[in-house]
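Topology and contacts: notes
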Amino acid sequence: MKINLVGKQACCSDASQINFKARDYADVKTFVSGSVSSLKLYELDSYDSKFLDVVANRINLRQLSDLKNVTRRQFNLWKNVINNAILMSGFSDPQRSFLLTKNNRPCGILSFKDLQEESYIDYISTWPISKGKNVKLAGTVLMKTAFDIAKENDTKKISLTLLSDSPFDLTKFYKNLSFQDMKTKSVYDADLVSYKSDYVEKSKELEKIIEINKSKSSEDVDLKRILDINY
């Protein structure tokens, strides 16, 4: 993902006056070491991104993370990924954005360009829901969501650009999800790519540990009334 340091800061501390709606997209179950966890996916749109600014303002990564030896720059870049994903959620087609929650608490966000020739992951980020409490497979759930949408649209390839300075081993994460070094031309100047045969196979493999059940209803929901953002 390319990180433009836009410095998008939440300016609204009172969420009570902000109207925000998203679409109930899917119920998710993850299976790790014999334990089942329930998550929820919402698709974001351009109604109003101000509430998401409030959400981001409540996410203090330094307090939530138990990672060691993380630099101030890395924390800032991590937060900028979240802020930029929120910014992109205000754009319409072909941009698509998703919010992942656990126990009604946001734990991940994804924004990507949904195109047939080459889909591009703009921003993806996850964060703990409380001090040191990471949501297992959160990032993988978001990537599987992108894989499944790409499969529906017969997308030829999915590409992304790596964050240059991250506290996580992103190269290992993405290569475990079928991505490889970009060797052909990309309109996005991407670093990694996953071709259709690869991401489809990986998505099927992930069904052993991730179950995404898309909602039958496409009704809007008011996340302001649903979400717990008191991190």
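Residues numbered from 1 in each chain as written. Predicted model: local features only at pLDDT ≥ 70, side-chain atom pairs only at ≥ 80, totals over all residues. Heavy atoms only, no water.

Taking burial as the measure, the eight residues of strand β3 (residues 95-102) include eight buried ones, the bulk of the element. Neither face of β3 is left uncovered, since the one carrying Gln95, Ser97, Leu99 and Thr101 and the one carrying Arg96, Phe98, Leu100 and Lys102 both have all their residues buried. By the bridge criterion, five bridges tie strand β2 (residues 35-44) to β3 in an arrangement that is antiparallel. Considered in β3, the bridge of lysine 40 is made with threonine 101. Across eight bridges, the pairing between β3 and strand β4 (residues 105-113) is antiparallel. Note on β4: the bridge partner recorded for lysine 102 is arginine 105. In this antiparallel pair of consecutive strands, β3 and β4, the connection spans two residues, and asparagine 103 shows a positive phi of 55°. (Buried < 20%, exposed > 50% of the residue type's maximum accessible area, 1.4 Å probe, protein only. Helix = DSSP H or I, 4+ residues; strand = E, 2+ residues; numbered from the N terminus. Pairing = 2+ DSSP bridges.)

Turning our attention to helix α1 (residues 50-58). Looking only at α1, the buried set comprises Phe51, Leu52, Asp53, Val54, Val55 and Ala56. Summarising the contacts, the buried residues of α1 are in contact with β2, α3 (72-88), β3, β4 and α7 (223-226). (Contact = heavy atoms within 4.5 Å.)

Here we come to the pattern of salt bridges. This model, assessed by the stated rule, comprises 16 salt bridges. Each of the salt bridges in this network shares a partner with another, and the network as a whole consists of Arg23, Glu43, Arg96 and Asp114. (Salt bridge = Lys/Arg side-chain N within 4 Å of Asp/Glu carboxyl O.)

By themselves, these figures tell us nothing about what the structure is for.
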